[in-house]
Each structure stands twice: as C-alpha cells, then as structure tokens.
Amino acid sequence: MPSAPEPRIPPPGARPAVALDATDLTILAELAADGRLTNTALAARVGIAESTCIHRVRALRESGVVRGFHAELDLAALGLPLQAVIRVRLGSHNRAHVHSFHAALTGIPGMITAFHIAGADDYLVHVAVESPQALRDLVLEHVNVHPAVRQTETHLVFEVIPGRGPLPDRAASGHRG
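In this text the structure is predicted, and so the values were computed from the model without any measurement.

Calculation rules
- Residues numbered from 1 in each chain as written.
- Predicted model: local features only at pLDDT ≥ 70, side-chain atom pairs only at ≥ 80, totals over all residues.
- Heavy atoms only, no water.
- Core = buried A, V, L, I, M, F, W, Y, C linked by side-chain atoms within 4.5 Å.
- Buried < 20%, exposed > 50% of the residue type's maximum accessible area, 1.4 Å probe, protein only.
- Helix = DSSP H or I, 4+ residues; strand = E, 2+ residues; numbered from the N terminus.
- Contact = heavy atoms within 4.5 Å.
- Pairing = 2+ DSSP bridges.
- Axes fitted to C-alpha atoms, helices over the stretch in contact; angles between N-to-C directions.
- Patch = residues over 30% accessible without salt bridge, like charges linked within 9 Å, V, L, I, M, F, W, Y side chains within 5 Å.
- Areas by Shrake-Rupley, 256 points an atom, 1.4 Å probe, with all protein chains shown as cover.
- Salt bridge = Lys/Arg side-chain N within 4 Å of Asp/Glu carboxyl O.
- Polar contact = N/O pair within 3.5 Å; in protein donor to acceptor, adjacent residues only side chain to side chain.
- Parallel < 35°, antiparallel > 145°, perpendicular 65-115°, else oblique.
- Nonpolar A, V, L, I, M, F, W, Y, C, P; charged D, E, K, R; others polar.
- pLDDT = per-residue confidence, 0-100.

### Concerning the nonpolar core
At step 1: One finds Ile86, Val88, Leu90, Tyr123, Val127 and Leu138 to be the most contacted residues of the largest nonpolar core, which totals 20 residues.
At step 2: Sorting the residues of this core by element identifies β1 (82-90), α4 (95-105), β3 (123-129) and α5 (132-143) as the ones contributing at least two each.
At step 3: Not counting the four nearest positions on each side in its chain, valine 88 is found in contact with Phe101, Asp121, Asp122, Tyr123, Val125, Val143, Val149, Gln151 and Thr152.
At step 4: Judged by nonpolar contacts, the second largest core, of 12 residues, contains Leu31, Ala43, Val57 and Leu60.

Structure, rendered in structure tokens:
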C-alpha cells in the first residue's frame, strides 16, 4: 500500500500580497501598537466612521493580513528570565528529516518561535527557560536527540530590542491622530 504523501511546508510569502490603501495601513499600525483598541477608539484614531472601521478590520482578518491578537508577556515575570537562540543544522535535507524536525519543534518546551532558514544553518529556535541548567537540559533532551540534528550552537539573549515592524510610518500612511 502506498504511503500517504507528506504534508507540504508552505514557503514564506506563498500567499499573494493583499492590496492595502493608506487607511488600511493606518489601521494596521494602530492595531500593531495596541491590539486592544476598541473599534470606537480605532475609528477615531484613523479618522473614519466606526461602521467603516469594523468592516475594514473584518476584511483585513478575512484576507489573512491580520492573523490574530496577542498579549505581550513578561517572560521574567513568568519565571523564564533566560532566553536563547539555538542554531540547528540538520544532517540531511531530505523531506522526511525536514518534516520530522519541523513537527518536533512544537514539542520543545519554552519555544517562543522558530525560523526555518537558508544558509549554513537550517533553523533558529528562540526559547525561554528558568535557568542555565534548564537551557542545557532543553538542548540535550529536546533538540540534540532528534535523529535529523547534526549540530547545534546556543546563543544567550542579553536583551530583546523590538523593531518598528514592517509597516511604513504612520505619517506616510495617512495617520490623522
């Protein structure tokens, strides 16, 4: 009996870009700055009617431009003061190994995000843990043990410096607030 085809990992940018106007960009900038804004406050900041605002936000969600709203957590306050980025090299790049490691990533405790990348390394895995010993255990017991992994290198994070994000300046996007 033939085996089921392996799931396809969509490449970055697989979804076509959505056409956005200045009002959409301003809405996105405001939501990126404060995802808890009420529709009334958002409409006032953007300078549009509340009914228009709610329809535009709904359209942005339905098109996939807005994928969700998240709380920004203080990891140290949660008992996870140590962050690291683990560079991972696979021993082989066949689909089975890539899919297997990809699937294993979600089981890594403390994983914040992972990037499947091009270059000398194959993955960057951002983690948060409670101590250096916990970091050592995470690498030894959850990353290095995977049969596809050939090599890892762990980098401690001293400070996270947030960026401005991919949106143009609010002034350039028609911000009226």
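### Remarks on the pairing of strand β2 (residues 111-116)
At step 1: Looking at chain direction, β2 and β3 are connected through 5 bridges and run antiparallel. When the bridges of β3 are listed, methionine 111 appears paired with valine 127.
At step 2: Connecting the antiparallel pair β2 and β3 is a turn made up of 6 residues, with glycine 119 showing a positive phi of about 120°.

### Quick notes on the sheet that holds β3
At step 1: Taken together, the 4 strands give an open sheet; going across it, the order is β2-β3-β1-β4, and neighbouring strands pair in antiparallel fashion. Both edges of this open sheet fall to β2 and β4 (149-157), since each of them pairs with a single strand only. Between one strand axis and the next, the sheet turns through 20° on average, direction left out of account.
At step 2: One ladder, built from 8 bridges, connects β1 with β4; its direction is antiparallel. Along β4, the bridge assignment pairs arginine 89 with glutamine 151.
At step 3: Relative to the sheet, α4 contacts β1, β2, β3 and β4, its axis offset from that of β3 by approximately 20°.

### A look at a nonpolar patch on the surface
At step 1: A surface patch of nonpolar side chains, about 180 Å² in accessible area, is lined by Val18, Leu20 and Val65.
At step 2: Among the secondary structure elements, valine 18 is positioned in the segment before α1 (22-33).
At step 3: Residue classification places valine 18 among the partly exposed positions, given a relative accessible area of 36%.

### Brief notes about the pattern of salt bridges
At step 1: Counted according to the given criterion, the structure contains 7 salt bridges.
At step 2: Where arginine 136 meets aspartate 137, a salt bridge forms, and the shortest distance between an N and an O atom there is 3.2 Å.
At step 3: Through salt bridges with shared partners, a single ionic network connects Arg87, Arg89, Asp121 and Glu153.

### Regarding the environment of asparagine 94
At step 1: You can see asparagine 94 is positioned in the loop between β1 and α4.
At step 2: For asparagine 94 and alanine 148, which are 54 residues apart along the polypeptide, the C-alpha to C-alpha distance reads 9.5 Å.
At step 3: One polar contact links asparagine 94 to serine 92, side chain to side chain, over a distance of 3.1 Å.

### Regarding the packing of helix α2 (residues 39-46) against helix α3 (residues 50-62)
At step 1: The contact between α2 and α3 brings their axes to 9 Å, and the two run at 100°. If you check the angle between α2 and α3, you find them roughly perpendicular. Touching Asn39, Thr40, Leu42 and Ala43 of α2 are Glu50, Cys53, Ile54 and Val57, all from α3.
At step 2: Residue composition of the contact of α2 with α3, grouped by class: 5 nonpolar, 2 polar and 1 charged.

### Considering the confidence of the model for the protein chain
Any region with low pLDDT has predicted coordinates that should not be read closely.
At step 1: Mean pLDDT over the protein chain works out to 88, with 86% of the residues at or above the 70 mark.
At step 2: Taken together, the stretch residues 170-177 has pLDDT below 50 and engages in 16 contacts with residues farther than four places along the chain or on a different chain.

### Some remarks on the environment of glycine 68
At step 1: Mapped onto the secondary structure, glycine 68 falls in the loop between α3 and β1.
At step 2: Its relative accessible area of 26% is what places glycine 68 among the partly exposed residues.
At step 3: Glycine 68 sits 33 residues away from glycine 35 along the chain, and the two C-alpha atoms are 9.0 Å apart.

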